[in-house]
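So you can see what is in the structure, the chains are spelled out below.
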Amino acid sequence: MQSGIDSVTVLDEQSLLPPVWQRILNALAANGVRVHYENLCRDQSSSDVSKLTECLLPRLKNSEASEDQNGDKTRKNRLSGDGTFCLLEADDELQAADFLTTFLTAEDNVDGIADSAGDQRGAIVIIRGSSTSILDQFLSRNNLPILGGSDASPLRGYMSILPLCLELCWSPFDPSRLSEFLLLPHCPIRPLIGQYFLKALSSEPGIGGDAWQEAWRRAMENEAKFLSAPLESQPDSEEAELKETEQRWRKWLESPLFDPTEGLPVEVILEICQRIRLHALGLSNAFTEAKMSRVFALTAVCADTLARAVSLTKMPRLPRSQLHRIVESVLSDGYRADEAEASAWTIVDHPGQIYAPADTVIWWGFTGNNKISFKHTWTKAELDYLASHGIHLEDPHTASIREAKSWRRPLLAGARQLLLVKPRTVAGQTAASHPFFHELSELLDATSQAAPSAVVLQAQRIYEQAEVTVLSRKIVRQKRSAHPLPHPKPIWNIEPGNFAAQLQAESPSDLQRLFECPLRWFFKRTGIKTGNLLSAAEGERLSGMLAHAVFAKVFQQDDLLSRDYTSELVKGLTAGAFDQLCPEVAAPLLLPGNSLERDRLKDNITEAAAHLFTLIKDAGYSKIECEKNLAQTIDGTDVLGRLDMLLYHPDNRNCVVDLKWTKRSASHRRRELMEGKAIQLAVYAKLSRAHTGYPTHAAYYMLSQRHLLCSELQPFPAHSYIPGPHLDDVWLQLMQDYKQHRAHLDGGTIFATGLPPAGQVHLDDQLQKSSNFDDSEAIPHPVPGVNLVLEPPCKVCEFGRLCGKKGPGA
């Protein structure tokens, strides 16, 4: 039989090859094919690279053998630091990548090697010994071609669409999984529409609540505008397209939920796989660049594979654990998307791939963290038994020897220069040394005291020295002078009169913010944002939000006070409302592990509702309005607010109740009433009075503590009254100081009340006493002409670094 092969060149010794390859080569030789086992030629010069090679190979000359016997081996082969070999040590991958990128952009000092951008920079071979993700970022930033050795694609997140869509089908609903789905690259819900639902999940983490319905309304309005027509006057075709779009989005966003123990119906899994496959194929066809489209094509293949695997089980439902294992098996191969770009250097993944002389060999990732292992799967007795039956497996010891010899191949192939890049930490973990490093360690130890630092070079030197020479290149870096940080500014100036045209309606929260810190109020009012990081409500915020929703649903019933309701009946109504609203606005409480917290919260809210109902009914109130929006122009100022509860009394002694949830003491709210700083209650009372025409007082109801803190002695029990300035007086002081604040703003002066007055405390003293500097209990910077002073919110302010309150590292 003719093989069609004339000759085969083998670099490894025949005895080191796997048995199957030995048999193949023997069969080829018997069939007339010339099998040549080549010995790579070695550099016979006296360079450091040649000395390394001599140390790693047996001596061929008797004179050298005699020198070894006399103990002069180490002295003879001690490296001289001639610039042909360098071990680059770095603190981490970032430092190593920065150094290597600078090295590749530096000009060569060796004759015969071109240094222009368009010419070859010598025959450079780069070994991708580990992930080049960080190195590729530095190369790309410097307009150099990437090596393409990243462990994953930047678009790899799209492949998570398959397990995420399946996770969205399990009960209880997990809002975090839906948030991850909406943040996927090239999500089926485009980013602008997805932002509406992300914000809804951030404020009310659930499906079906008011925020969720508002997100749908805004999404469909945006889609209608996208179709270039108002929502109310769509032609038939556009109306049909809108409905089709809504149905398609609802399939992605509002999947039916199933019990994990009962399992997910196979038909649901197949429908999800088909939907993902079609979407992925559409994206794959939309991208003409192969590197971009490959991840989508692979996702489509995985979806199809999962569908076929599920169908082969012949089961009507798949439990969650079993489905997880199938999905993990389908996606186990992962994806390596980045490919090396065209460059002046050659890229290999293993030193054994080098078989010809190269000018410079760079071994990136010269560590033992690239999963180098030799597993002895079979015992010797088992190997002998299998061999006696004609099954010849490779001896693990032989494989280890062949692997170790492959590490020396760049030297044996005649590389003129060798650079080993060895970071001490990789991904934050201490990196083990590469096994080949241990073969060189004896020579490096003998050289370290006598040879120059060019042999073992620390990458941090490029940050300490203007010039660093490595191999044949000189790296030149310029040190930039440090500029001092700006001093904290207690007073900011803008163009006078510019802000007056931006007058807007004020809410109680806006007024509170203005009196706490005018600078923070200004930043918020002018739309300065600190970022777009959305996170679902949790902790006290989630509990308070659910409590507000439950109270609104229970107390807004028209006949709640007219019928013979008892506190026990109210508890039952509250418990039912809690169970109904929890999946809609507080779904995280339904997740495993939160049952105890959910039960405690439910008991607390039901007890609080019954307690407040009893107080309201005993006080003689006849009607309750919840979540009422009011907007009035009062004393020349547009004011708006959303009242939690507005209580109507037959004697026209109305009351606004503001619900507050906190597990801490209610002393803060009590102190607000006593000191005349309850701005929210004063605004609510004034809005209600302007709306109803009757005097209105106000109260805080502390849900967790079940305490009512009222501004009037009647009609609530006397123990709930907190003595202090009347809310009408608080409003008058509020308006007087508000106008003074606006006068400062219109005049172009903005005060940062969390900072001491200019010149009172030096910046260096502030930074040295950072604990006192960040103390929000410090006396606020006074605003001229303003008497109502609130504590600055410096501990929770997101603009602390901008104003200078939070120094470097704070």
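Scroll up to find the structure this text is about.
Procedures and definitions
Residues numbered from 1 in each chain as written. Predicted model: local features only at pLDDT ≥ 70, side-chain atom pairs only at ≥ 80, totals over all residues. Heavy atoms only, no water. Helix = DSSP H or I, 4+ residues; strand = E, 2+ residues; numbered from the N terminus. Buried < 20%, exposed > 50% of the residue type's maximum accessible area, 1.4 Å probe, protein only. Contact = heavy atoms within 4.5 Å. Areas by Shrake-Rupley, 256 points an atom, 1.4 Å probe, with all protein chains shown as cover. Pairing = 2+ DSSP bridges. Axes fitted to C-alpha atoms, helices over the stretch in contact; angles between N-to-C directions. 1 Å grid on protein atoms, 1.4 Å probe; cavity = no way out; pocket = protein on both sides within 12 Å on 5 of 7 lines; lining within 4 Å. Points joined across faces, edges and corners; volume = space filled by probe spheres on them. Nonpolar A, V, L, I, M, F, W, Y, C, P; charged D, E, K, R; others polar. Parallel < 35°, antiparallel > 145°, perpendicular 65-115°, else oblique. Left-handed = near helix turned anticlockwise from the far one by under 90°. Phe/Tyr/Trp six-rings, centres within 6.5 Å; stacked < 30°, edge-to-face > 60°. Lys NZ or Arg CZ within 6 Å of the ring centre and 35° of its normal. Expected span 1.5 Å × (residues − 1).

A. Quick look at the overall build of the protein. Along its length, the protein carries 30 helices and 21 strands. Residues counted as buried form 47% of the 810 residues belonging to the protein. When contacts within the protein are restricted to residue pairs at least 6 apart in sequence, those whose partners lie at least 24 apart make up 74%. Carbon together with sulfur atoms contributes 50% to the accessible area of the protein, which is approximately 41,100 Å² in total.

B. Local environment of the environment of Lys422. The residue Lys422 is located in strand 9 (residues 417-423) in this model. When its relative accessible area of 10% is taken as the criterion, Lys422 is described as buried. Among residues more than four places away in sequence, those in contact with Lys422 are Leu87, Leu88, Glu89, Ala90, Phe366, Ser433 and Phe437.

C. Focus on the sheet that holds strand 4 (residues 124-128). Spatial strand order, 7-4-8-9-3-12: six strands in an open sheet with parallel pairing. The open sheet has two free edges, formed respectively by strand 7 (345-348) and strand 12 (456-458), since each of these has just one partner strand. Here the strands of the sheet are splayed against their neighbours by 20° on average, with no regard to which way each runs. Pairing between strand 3 (residues 85-90) and strand 12: three bridges, direction parallel. Residue pairing for strand 12: Glu89 is matched across the bridge by Gln458.

D. Broad picture of the side chain of Ser179. As for its placement among the helices and strands, Ser179 is situated in helix 8 (residues 175-182). Of the residues examined, Ser179 reaches a relative accessible area of 19% and is grouped as buried. Ignoring sequence-local partners within four residues, the contact set of Ser179 consists of Leu198 and Leu201.

E. Geometry of the environment of Glu38. Positionally, Glu38 belongs in the loop between strand 2 (34-37) and helix 2 (48-56). Separated by 27 residues in sequence, Glu38 and Leu11 place their C-alpha atoms 5.4 Å apart.

F. Spotlight on the sheet that holds strand 19 (residues 696-702). Read from one edge to the other, the open sheet built from five strands follows the order 16-17-18-19-20, with strand pairing classed as mixed. Looking at the sheet topology across the chains shown, the edges are occupied by strand 16 (623-634) and strand 20 (707-710). When strand polarity is set aside, the average angle formed by the axes of neighbouring strands in this sheet is 40°. Two elements, strand 16 and strand 17 (residues 637-648), share eleven bridges in a ladder whose sense is antiparallel. Bridge pairing in strand 17 places Ala631 opposite Leu640. With respect to the sheet, helix 22 (residues 539-555) is in contact with strand 16, strand 17 and strand 18 (654-660), its orientation differing from that of strand 16 by roughly 105°. Its contacts with the sheet put helix 26 (residues 679-692) on strand 16, strand 17, strand 18 and strand 19, and the angle it makes with strand 17 is roughly 85°.

G. Representation of the pairing of strand 9. Of all seven residues that make up strand 9, seven are buried, and the element is covered over most of its length. A two-sided burial pattern is seen for strand 9, the buried positions comprising Gln417, Leu419, Val421 and Pro423 on one face and Leu418, Leu420 and Lys422 on the other. Pairing analysis gives six bridges linking strand 3 to strand 9, with the strands arranged parallel. Across the sheet, residue Ala90 finds its bridge partner in strand 9, namely Pro423.

H. Main features of unusual backbone geometry. Geometrically, the link from Ser171 to Pro172 is a cis peptide bond, its omega value of 0° lying close to zero. Structurally, Pro172 can be placed in the loop between helix 7 (161-167) and helix 8. Following Gln714, the chain continues to Pro715 via a peptide bond in cis, the omega torsion being 0°. At Asn143, a residue that is not glycine, the phi angle is positive and equals roughly 60°. By the element assignment, Asn143 lies in the loop between helix 6 (133-141) and helix 7. Using a relative accessible area of 72% as the deciding quantity, one classes Asn143 as exposed.

I. Main features of empty space enclosed by the protein. A full pass over the atoms with the stated rule returns four cavities of 30 Å³ or more. Within this model, the largest cavity holds a volume of roughly 110 Å³. What lines the largest cavity is a set of 15 residues, and nearest its centre among them are Cys517, Arg520, Cys794, Cys797 and Cys803. Elements supplying a minimum of two residues to the lining of the largest cavity: helix 21 (518-525) and helix 30 (800-803). The class makeup of the residues in the lining of the largest cavity is ten nonpolar, three polar and two charged. As a volume, the second largest cavity reaches approximately 70 Å³. What lines the second largest cavity is a set of twelve residues, and nearest its centre among them are Phe515, Thr753, His781, Val783 and Val789.

J. Local environment of the side chain of Ser284. Considering the arrangement of structural elements, one finds Ser284 in helix 12 (residues 266-286). Exposure remark for Ser284: the relative accessible area of 13% places this residue in the buried category.

K. Molecular detail of the pairing of strand 8 (residues 360-364). Taken across its five residues, strand 8 has five buried, putting it largely inside the fold. Of the two faces of strand 8, the one carrying Thr360, Ile362 and Trp364 and the one carrying Val361 and Trp363 are both buried. Bridging between strand 8 and strand 9 involves four bridges; their strand directions are parallel. Bridging from a neighbouring strand, Thr360 pairs with Gln417 of strand 9.

L. Broad picture of the packing of helix 8 against helix 9 (residues 191-203). Remark: helix 8 packs on helix 9, axes separated minimally by 10 Å, with the N-to-C direction vectors making an angle of 160°. In terms of axis orientation, helix 8 runs roughly antiparallel to helix 9. In the packing of helix 8 onto helix 9, the handedness of the crossing is left-handed. Counted together, Pro175, Leu178, Ser179 and Leu182 of helix 8 and Gly194, Phe197, Leu198 and Leu201 of helix 9 form the full contact between these two elements. When its residues are assigned to classes, the contact of helix 8 with helix 9 shows six nonpolar, two polar and no charged.

M. Highlighting the packing of aromatic side chains. All told, the structure shown has twelve aromatic pairs when counted by the stated rule. Here Phe197 and Trp212 contribute two aromatic rings whose centre-to-centre distance is 4.9 Å and whose plane-to-plane angle is 55°, an arrangement assigned as tilted. One end of the pair, Phe197, is in helix 9; the other, Trp212, is in helix 10 (residues 210-226), with 15 residues separating them in the sequence. Like Phe197, the residue Trp212 is buried in the burial classification. Relative to Phe366, the ring of Trp363 has its centre 4.9 Å away and its plane inclined at 70°; by these criteria the two rings are edge-to-face. Side by side, Trp363 and Phe366 carry an identical accessibility label, which is buried. Here a set of aromatic residues connected by ring pairs shows up, and it is made of Trp492, Phe522, Phe523 and Phe799. If you follow Arg669 out to its NZ or CZ, it ends over the ring of Tyr700, 5.3 Å from the centre.

N. Molecular detail of helix 16 (residues 396-407). Spanning twelve residues, helix 16 covers 17 Å between terminal C-alpha atoms, matching the ideal 16 Å at 1.5 Å per step. For helix 16, the set of buried residues is Pro396, Thr398, Ala399, Ser400, Arg402, Ala404, Ser406 and Trp407.

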